[in-house]
Amino acid sequence: ALHFGIIPPGSSGHRDLALKSEVPARILIKVIGSDYVYPNRNNFIIEPNKTTSVQFTAKVPPDTHIGNYSGKVRIIFKIV
């Protein structure tokens with residue numbers, strides 16, 4: 001789970017997620033149900049047994065109403 005906590009409108013927060021695969025794999029990331037969260041990289045190859053980090057940013061527009069927002073991140077590993 002990625003929890004960003006409280007982010008005031010007009011601000012942003014970041015969370016890092018470490019990814020690792022035992023085989024070479026193409027990584028595809030889909031953010032579902034949130035227009036405010038995006039990864040710093042997508043559609044890339046991860047080498048076997050190497051850990052790579054993906055930073056997710058939650059950027060809240062200034063006109064957003066204060067509330068509890070949620071979504072899902074789907075990470076797909078495709079063997080290459």
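The model shown is predicted, which means the values in this text are computed figures rather than measured ones.

About the criteria used
- Every chain begins its residue count from 1, and numbering advances along the sequence as written.
- Selection of residues for local features in this predicted model requires a pLDDT of at least 70, selection of side-chain atom pairs for listing and counting requires 80 or more, and totals for whole chains, interfaces and linings are taken over all residues.
- Values shown for side chains rest on all heavy atoms present in the structure; no hydrogens or waters enter the calculation.
- Strands are treated as partners if at least two bridges between them are detected by DSSP.
- Helix and strand definitions follow DSSP, with helices as H or I runs of at least four residues and strands as E runs of at least two, each counted in order from the N terminus.
- For every element, the axis is a line fit to its C-alpha atoms; helices are fit only across the contacting stretch, and the angle between N-to-C directions ranges from 0 to 180 degrees.
- Centres within 6.5 Å make a pair out of two Phe, Tyr or Trp rings, where for Trp the six-membered ring is used; the pair is then stacked when the planes are under 30 degrees apart, edge-to-face when over 60, and tilted otherwise.
- Remark: exposure states derive from per-residue accessible area (1.4 Å probe, protein chains only) relative to the maximum for the residue type, with buried under 20%, exposed over 50%, and partly exposed in between.
- Here a polar contact means two N or O atoms within 3.5 Å. Within protein one must be a hydrogen donor candidate and the other an acceptor candidate, and residues neighboring in sequence count only if both atoms are side-chain atoms.
- Whether two residues are in contact is decided by their heavy atoms: any pair within 4.5 Å suffices.

## Some thoughts on the sheet that holds strand 6 (residues 72–79)
Here we have 3 strands laid out as an open sheet, ordered 4-2-6, and antiparallel in their pairing. Two strands lie at the open edges of the sheet, namely strand 4 (44–46) and strand 6, each paired on one side alone. Along the sheet, successive strands turn relative to each other by an average axial angle of 35°, direction set aside. In this structure, strand 2 (residues 25–32) lies alongside strand 6, joined through 8 bridges in antiparallel fashion. Looking across to strand 6, one finds that Leu28 is bridged to Ile76.

## Structural notes on the packing of aromatic side chains
According to the stated counting rule, one finds 1 aromatic pair in the structure shown. A ring pair is formed by Tyr36 and Tyr69, whose centres lie 5.8 Å apart and whose planes are at 70°; its orientation type is edge-to-face. Here Tyr69 lies in the loop between strand 5 (51–59) and strand 6 and Tyr36 lies in the loop between strand 2 and strand 3 (37–39), a separation of 33 residues in the sequence. By relative accessible area, which is 49% here, Tyr69 ends up partly exposed.

## Digging into the side chain of Thr57
Among the structural elements, Thr57 can be located in strand 5. Within the local environment of Thr57, its side chain forms a polar contact with the side chain of His14, the two groups lying 2.9 Å apart. For Thr57, the contacting residues outside a window of four places in its chain are Phe4, Ser12, Gly13, His14, Tyr36, Val37 and Tyr38.

## Overview of the environment of Leu2
Take Leu2: it is sitting in the segment before strand 1 (12–20). Looking at Leu2, the relative accessible area reads 26%, which means it is partly exposed. It is 12 Å that separates the C-alpha atoms of Leu2 and Tyr69, two residues lying 67 residues apart in sequence. The residues touching Leu2, leaving out its near neighbours within four places in the chain, are Arg15, Phe56 and Val73.

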